[in-house]
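One-letter residues, chain by chain:
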Amino acid sequence: MEFSKINEVLATTREGQLLHDFMSMLYPICRSITGEGVRETLRQLQQHVPLEIREVASGTKVFDWTVPLEWNIQDAYIATTRGERVVDFRKNNLHVVNYSVPVRGTFKRADLDGHLHSLPERPDWIPYRTSYYKENWGFCLTHRQLSELNEPEYEVCIDSSLQPGHLSYGEVFLPGATEEEVLISCHVCHPSLCNDNLSGIAVATYLAKVMQKIVRRFSYRFVFIPGTIGSITWLAQNQERTNLIRHGVVLTGVGDSGNVTYKRSRQGNAYVDRAITHILNHRVRAHRVVDFSPYGYDERQYCSPGFNLPVGCFMRTSHGEYPEYHTSADNLEFVAAEALQESLEILLHAIHVIENDARFLNTNPCCEPQLGRRGLYRAIAGQKEGAQKEMALLWVLNLSDGQHTLLDIAERANTPFEVIHAAACALKECNLLEESRGGRP
Ligand code: ZN
């Protein structure tokens, strides 16, 4: 399929519900930064896209970090001495502090205190806690459950293992006409959390699915990695080829019903920053574009000074700005099919810009060419409809001097890229425009 058909693809995609269903399937898996949960998740993705699973051994040095031991878990609970489970990992995998070392024994209630985490202000929610880089163990429970732990002793079991193994990540590579790449990255390390983690995985997977069907100018690389250590590992292993990355975006939190937020790359005005901002300005009424800061998700690594890649972060409500963040309330009800669909559409529109932008030369630059003679003007002067199209023709003719890209023109004319692009196509058809050599931005 030609990329110019992307608008038709967009008009007919109703993927939101499929994305939500896909998340429902991934939801119960207990993921972490390493272990079977990530592998199982990646295997599910392989049902949809040609994903390769890569394994990096524990102990591998990756810049200033070391790939950690592999963590796996079978079961965990707190039970009364009569054997009744009062906190049960099998009911919700958030109940165990992620990366907990194995524990088994009878504990005095008072000795459990430092190992129990709850949210007094949200007594029905389970918090999400991790202890990746410090050996520890613990349980997360609702404040209501905590307040009912009144017996003198409890049986505690965390049937986990922390052993030399691998860090797993997934990669989908879709070659294009050029080896220059667009990088799409999302984290895969959170257990049963929907907006933070699963929404990014789902949208990235379906984006790859759509991109597979399209004739591509750029090559596309989708990476599904554990947060922080995964992007550091990926960058360490791919340092040589990062100079091929022309545009990139980290996807996270793209399923809540809040407004879209786009966080610019460290460069601040990279092409991807401009393309996404342009789409948001013309398609999405309420949105926010914020500057880079060295906090957040894996853009922190892609935009570290040694790389300084043109990679922004696309999300809806920012992490930490919604109370459900990192709690059991970030569940399947919290994410909406419509929000997932809209996120997917915005990204496809941005890709449409990236794929179709070019610099052109006006072949008739001395005074305006006669458009009416070529069937490009409205038949009856004064007709309202078509005015924007006509203005787009004039802008494209005026600024096509080999210097300005179509996105430059769209920004200056304050007109949607697709209208400017359609005008350029019409003018090219009439030989009033030719692509300038080396004209692709
Ligand atoms: Zn998170």
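Provided above is the structure to which this section pertains.
In this numbering scheme, every chain counts its residues from 1 along its sequence in written order. In view of the model being predicted, local features appear only for residues whose pLDDT reaches at least 70, and side-chain atom pairs are presented and counted only at 80 or more, with totals across whole chains, interfaces and linings using the full set of residues. Side-chain metrics in this entry use all non-hydrogen atoms of the structure; hydrogen atoms and water are not considered.

(A) Spatial organisation of the coordination of the zinc ion. Here the term donor refers to an N, O or S atom within 2.8 Å of the metal (or 3.2 Å for Na, K and Ca), and because water is left out of the atoms, sites may appear incomplete. Surrounding the zinc ion are the protein donor atoms His190 (NE2), Asp196 (OD) and His326 (NE2), at 2.0 to 2.1 Å. Partly exposed describes any residue whose relative accessible area lies between the buried limit of under 20% and the exposed limit of over 50%, with all areas from a 1.4 Å probe on protein chains only and scaled to the type maximum. What makes Asp196 buried here is its relative accessible area of 1%. Judged by relative accessible area, which is 21%, His326 ranks as partly exposed.

(B) Quick peek at empty space enclosed by the protein. Throughout, the protein atoms alone are placed on a 1 Å grid, and a set of points is a cavity if a 1.4 Å probe fits but cannot get out or a pocket if it is open with protein on both sides within 12 Å along at least five of seven lines; lining residues have an atom within 4 Å of a point. Grid points are joined across faces, edges and corners, and a volume is the space filled by probe spheres set on the points. As enumerated under the stated definition, the model contains 2 cavities of 30 Å³ or more in all. Here the largest cavity defines a volume of roughly 80 Å³. What lines the largest cavity is Val182, Leu183, Ile184, His247, Gly248, Val249, Val272, Ile276, Leu347, Ala350, Ile351 and Ile354. Numbering of helices and strands runs from the N terminus, with a helix taken as a DSSP run of H or I at least four residues long and a strand as a DSSP run of E at least two residues long. Breaking the lining of the largest cavity down by element, the ones donating at least two residues are β11 (181-187), β13 (245-251), α8 (271-283) and α10 (337-356). Looking at the lining of the largest cavity element by element, the count peaks at 4 residues for α10.

(C) The arrangement of the sheet that holds strand β17 (residues 359-362) in detail. With respect to topology, 3 strands assemble into an open sheet ordered β18-β17-β19, the strand pairing being antiparallel. Each having just a single partner strand, β18 (401-405) and β19 (433-435) make up the two edges of the open sheet. The average angle at which neighbouring strand axes cross in this sheet is 35°, direction not considered. Two strands pair under a simple rule: DSSP has to find at least two bridges between them. Here β17 runs beside β19; their pairing, made up of 3 bridges, is antiparallel. Considered in β19, the bridge of Leu361 is made with Glu434. Strands β17 and β18 of the sheet are contacted by helix α12 (residues 406-413), whose axis makes an angle of about 70° with β18. The sheet contacts of helix α13 (residues 417-429) involve β17 and β19, and relative to β19 the element is tilted by about 105°. Only the contacting stretch of a helix is used when fitting its axis, a line to C-alpha atoms as for every element, and angles between N-to-C directions run 0 to 180 degrees. We call two residues in contact when some of their heavy atoms are within 4.5 Å.

(D) Main features of the environment of Val156. On the secondary structure map, Val156 appears in strand β9 (residues 153-163). Sequence-wise, Val156 and Tyr77 are 79 residues apart; in three dimensions their C-alpha atoms are separated by 6.0 Å. Residues within four places of Val156 in sequence aside, it is in contact with Tyr77, Ile78, Val103, Arg104, Gly105, Phe107, Leu112, Trp137 and Phe139.

(E) A look at the pattern of salt bridges. Salt bridges are defined by distance alone: a side-chain nitrogen of Lys or Arg within 4 Å of a carboxyl oxygen of Asp or Glu. Scanning the model with the defined rule gives 24 salt bridges in all. Among the salt bridges present, the one from Arg39 reaches Glu70, with a minimum N-O distance of 2.9 Å. In this pair, Arg39 is assigned in helix α3 (residues 36-45) and Glu70 in strand β4 (residues 70-79), connecting sequence segments 31 residues apart. Note on Arg39: relative accessible area 9%, which makes it buried.

(F) Structural detail: the side chain of His278. With respect to the helices and strands, His278 occurs in helix α8. In this structure His278 touches Leu407, Ala410, Glu411, Thr415, Pro416 and Phe417, once residues within four positions along its chain are discounted.

(G) Region of interest: the layout of surface pockets. Size it by volume and the largest pocket reaches roughly 510 Å³. Around the largest pocket, the lining is made up of 23 residues, and of these His190, Thr228, Gly296, Arg300 and His326 lie nearest the centre. Here the nonpolar group is Ala, Val, Leu, Ile, Met, Phe, Trp, Tyr, Cys and Pro; Asp, Glu, Lys and Arg are the charged ones; every other residue, Gly included, is treated as polar. Partitioning the lining of the largest pocket into residue classes produces 10 nonpolar, 9 polar and 4 charged.

Scope: geometric values only; no functional claims are made or implied.
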